[in-house]
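Structure assessment
Residue-level listing of the chains:
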Amino acid sequence: MKKIAILTFQGFNEIDSLVAYRMLHWLQKPDWEITICSPEAEVTSMGGLSIRAHSALEDASEADAVMIGSGSLTRQIVEDESIMSRIRLDPARQVIAAQCSGTLMAAKLGLLGGVPACTDSATKQWVLDAGVEVLNQPLVAHGNVATAGGCLGSAYLTGWTIAMLDSLDTASTALHYFAPVGEKDGFLKRAQQNISPYLPESAAGSLMRKPADVA
């Protein structure tokens, strides 16, 4: 069983957590357990959507992959030791993906190791202040840790996570399915170009193999 925890906090960005959750579930992997992992039993998004957590922050330490979503309260959360002390992640054995202000959290958790990262424009200065160089691109990864910037970059980040857990071919199947009609091949090509440079050879698969029987 592979466990995937999507860290989701009060004030979360719906796109980050829910796009990842839906894309991962769509694959219908019977041996994948995907959870919304939160500090409280219920969290409310920046747009007022309340959802119930499936797992607690402490459970993320046992996950095979952890996705750190962003939100309007991230800057306050990373200064809250009562929350941050509950998050124990290890990039040596876990796949870790951080989206937008989730990159700030990754930096504060010491997961970036001084390497450049990606984030959104609103969070950029905070990440710079944390001592991390910010790249002008949607996705970058160093080993088992990836960061992405821009809400719709969540599709790329989820694709990278799927590829790391399985293969680029599997990620491509999901990305092709969720891409806009009439733009599927172009979207897939762009996604693969952004994801494939940051995959180990074992996960790289075949570029631009059009997924079969996918609408």
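Residues numbered from 1 in each chain as written. Predicted model: local features only at pLDDT ≥ 70, side-chain atom pairs only at ≥ 80, totals over all residues. Heavy atoms only, no water.

Details of the pattern of salt bridges
Tallied over the full model, the rule gives four salt bridges. Among the salt bridges present, the one from Arg-86 reaches Glu-58, with a minimum N-O distance of 2.7 Å. Separated by 28 residues along the polypeptide, Arg-86 in the loop between helix 3 (81-84) and strand 7 (95-99) and Glu-58 in the loop between strand 5 (55-56) and strand 6 (65-68) bring together distant segments of the chain. Of the residues examined, Glu-58 reaches a relative accessible area of 38% and is grouped as partly exposed. The closest approach of N and O atoms between Lys-108 and Glu-79, which form a salt bridge, is 3.7 Å. Placement of the pair is Lys-108 in helix 4 (residues 102-108) and Glu-79 in the loop between helix 2 (74-77) and helix 3, with a sequence separation of 29 residues. (Salt bridge = Lys/Arg side-chain N within 4 Å of Asp/Glu carboxyl O. Helix = DSSP H or I, 4+ residues; strand = E, 2+ residues; numbered from the N terminus. Buried < 20%, exposed > 50% of the residue type's maximum accessible area, 1.4 Å probe, protein only.)

Comments concerning the packing of aromatic side chains
What the rule picks out here adds up to four aromatic pairs. Ring geometry for Trp-26 and Phe-178: centres 5.8 Å apart, planes at 75°, overall edge-to-face. One end of the pair, Trp-26, is in helix 1 (residues 14-26); the other, Phe-178, is in helix 7 (residues 168-178), and 152 residues separate them in sequence. Phe-178 gets classed as partly exposed once you look at its relative accessible area, which sits at 33%. With centroids separated by 5.0 Å and ring planes inclined at 85°, the aromatic side chains of Tyr-177 and Phe-178 adopt a geometry described as edge-to-face. Taken together, the ring pairs in this structure connect Trp-26, Tyr-177 and Phe-178 into an aromatic cluster. The lysine or arginine in question, Lys-29, covers the ring of Trp-32, its NZ or CZ lying 5.7 Å from the ring centre. (Phe/Tyr/Trp six-rings, centres within 6.5 Å; stacked < 30°, edge-to-face > 60°. Lys NZ or Arg CZ within 6 Å of the ring centre and 35° of its normal.)

Let's talk about the nonpolar core
In terms of nonpolar packing, the biggest core is built from 40 residues, with Leu-24, Trp-32, Trp-160, Leu-175, Ile-195 and Leu-199 touching the most fellow members. Leave out the neighbours within four places in its chain, and Trp-32 touches Met-1, Lys-2, Ile-4, Leu-24, Leu-27, Ile-162, Leu-165 and Asp-166. Cys-37, Ile-96, Met-105 and Val-134 belong to the second-largest nonpolar core, a separate cluster that totals 28 residues. (Core = buried A, V, L, I, M, F, W, Y, C linked by side-chain atoms within 4.5 Å. Contact = heavy atoms within 4.5 Å.)

What about the packing of helix 6 (residues 154-165) against helix 8 (residues 184-195)?
At their nearest, the axes of helix 6 and helix 8 sit 10 Å apart, and the two run at 65° to each other. For the element pair helix 6 and helix 8, the recorded crossing hand is right-handed. Of the residues in helix 8, those in contact with Ala-155, Tyr-156, Gly-159 and Trp-160 of helix 6 are Phe-187, Arg-190, Ala-191, Asn-194 and Ile-195. For the contact of helix 6 with helix 8, the residue count by class is six nonpolar, two polar and one charged. (Axes fitted to C-alpha atoms, helices over the stretch in contact; angles between N-to-C directions. Left-handed = near helix turned anticlockwise from the far one by under 90°. Nonpolar A, V, L, I, M, F, W, Y, C, P; charged D, E, K, R; others polar.)

Observations concerning the packing of helix 7 against helix 8
Relative to each other, helix 7 and helix 8 sit at 140°, their axes nearing to 9 Å. One element, helix 7, and the other, helix 8, form an angle in the oblique class. For the element pair helix 7 and helix 8, the recorded crossing hand is right-handed. Contacts from Leu-168, Ser-172, Leu-175, His-176, Tyr-177 and Phe-178 in helix 7 reach Lys-184, Asp-185, Phe-187, Leu-188, Ala-191, Gln-192 and Ile-195 in helix 8. (Parallel < 35°, antiparallel > 145°, perpendicular 65-115°, else oblique.)

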